[in-house]
Amino acid sequence: MRRHMLKLVAVGALAFTAGCGDTAVEQALMGGGAGAATSLLLDGDLTTGVVVGAAANVAYCQKYPTRC
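### Notes on helix α3 (residues 46-63)
Phase 1: Given a rise of 1.5 Å per residue, 18 residues ought to cover 26 Å, and the 26 Å separating the end C-alpha atoms of α3 matches this to within 8%.
Phase 2: Among the residues of α3, G49, G53, A54, N57 and C61 are the ones counted as buried. Taken end-on, α3 shows its buried residues confined to a sector of 120 degrees, consistent with a single buried face. Along α3, the residues that are exposed and aim more than 90 degrees away from the buried face are T47, V51, Q62 and K63.

### Re unusual backbone geometry
Phase 1: The backbone of D43 shows a phi angle near 55 degrees, a positive value even though the residue is not glycine.
Phase 2: Among the structural elements, D43 can be located in the loop between α2 (24-41) and α3.
Phase 3: Judged by relative accessible area, which is 58%, D43 ranks as exposed.

Thresholds, definitions, all that
Starting afresh in each chain, residues are numbered from 1 along the sequence in its written order. Note on the predicted model: pLDDT of at least 70 is required for a residue's local features to be given, and 80 or more for side-chain atom pairs to be given and counted; whole-chain, interface and lining totals, by contrast, use all residues. Note: side-chain values were computed over all heavy atoms of the structure, leaving out hydrogens and water. In DSSP terms, a helix is any run of H or I states spanning at least four residues, a strand is any run of E spanning at least two, and both are numbered starting from the N terminus. The length a helix should cover is 1.5 Å for every residue beyond the first. Think of it in three bands: residues with accessible area under 20% of the maximum for their type are buried, residues over 50% are exposed, and the middle band is partly exposed, with areas taken using a 1.4 Å probe on protein chains only. Relevant arc is that of directions from the helix axis to the C-beta atoms, nothing else.

As structure tokens, this is what we get:
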């Protein structure tokens, strides 16, 4: 149970820090890194984590540029 809570806290922290970068490339790198780290913590597929994290962060930052 404790390990599960630790994973949830880590995922939350990664999601909070993912929204950085001034250009689409920087946003993709930050999102991909957060996605990779989340995949490792949750024992998921690393490639999927990188792709989903990068795409999600770029999409979010393009839609809400003042929040990034």
